[in-house]
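# Architecture and fold: a report
This is what each chain is made of:
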Amino acid sequence: STVSANRWSQAGGSRAWGLGADRWDVLNFGALGTARHELEAVLRTASAALPKEALHRTIYRQAMEEVFRYCYDLEYGDRQPRSLERVVSQVRGRLNRAKTAIDGACRSGLLDSAIAAERKEQLCRAVLHGCVVRGLVEER
């Protein structure tokens, strides 16, 4: 749904985001046309206020959480894939994004390389555990 300028100002406008009056021109929803542009403006401004390391930490944690959510649904939820190939095709994109985000956090100095390797292994073990629970892979 489109956020109108009136709803934005009723919610506190730029003050609700902790932004100064100089940022209002970026967030002026009356001047922007679509909801996509509004969302992009808010995300651009909100991410500009974060320190770079906090942004990397948030990105890699959210990417990991996406993989863990899939694994939880695989283990306890309604997901019932017919084969291991189906699981791999469904989780491959999420896993690649998480590993790329972990690499970015490691390159930025946020994570030690050993911890980054542990996080990647943790993701792979979660996927494997979900497949073992569903009976797609035999437990060794």
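Up top is the structure these notes are about.
Residues numbered from 1 in each chain as written. Predicted model: local features only at pLDDT ≥ 70, side-chain atom pairs only at ≥ 80, totals over all residues. Heavy atoms only, no water.

Let us look at helix α7 (residues 113–134). Its 22 residues give α7 an end-to-end C-alpha distance of 32 Å, which sits within 8% of 32 Å, the value for a rise of 1.5 Å per residue. Among the residues making up α7, those that are buried are Ala-116, Leu-123, Ala-126, Val-127, Gly-130 and Cys-131. One side of α7 holds all its buried residues, which, seen down the axis, span an arc of 130 degrees. Among the exposed residues of α7, those pointing more than 90 degrees away from its buried face are Ser-113 and Arg-125. Positive phi shows up at Gly-135, right after α7, with a value of about 85 degrees. (Helix = DSSP H or I, 4+ residues; strand = E, 2+ residues; numbered from the N terminus. Expected span 1.5 Å × (residues − 1). Buried < 20%, exposed > 50% of the residue type's maximum accessible area, 1.4 Å probe, protein only. Arc of directions from axis to C-beta.)

Attention shifts here to the pattern of salt bridges. The full count for this structure, using the stated rule, is five salt bridges. Note that Glu-66 is salt-bridged to Arg-94, the shortest N-O span being 3.8 Å. Here the residue Glu-66 occupies a position in helix α5 (residues 52–76), and Arg-94 occupies one in helix α6 (residues 84–107), the gap between them amounting to 28 residues. On the accessibility criterion, Glu-66 (28% relative accessible area) is partly exposed. For Arg-94, a relative accessible area of 21% corresponds to the partly exposed category. A salt bridge links Glu-121 to Arg-125; the nearest nitrogen and oxygen atoms lie 2.9 Å apart. Of the two residues, Glu-121 and Arg-125 are both situated in helix α7; the distance of four residues between them amounts to about one turn of the helix. (Salt bridge = Lys/Arg side-chain N within 4 Å of Asp/Glu carboxyl O.)

That's the geometry; what it means functionally is another story.
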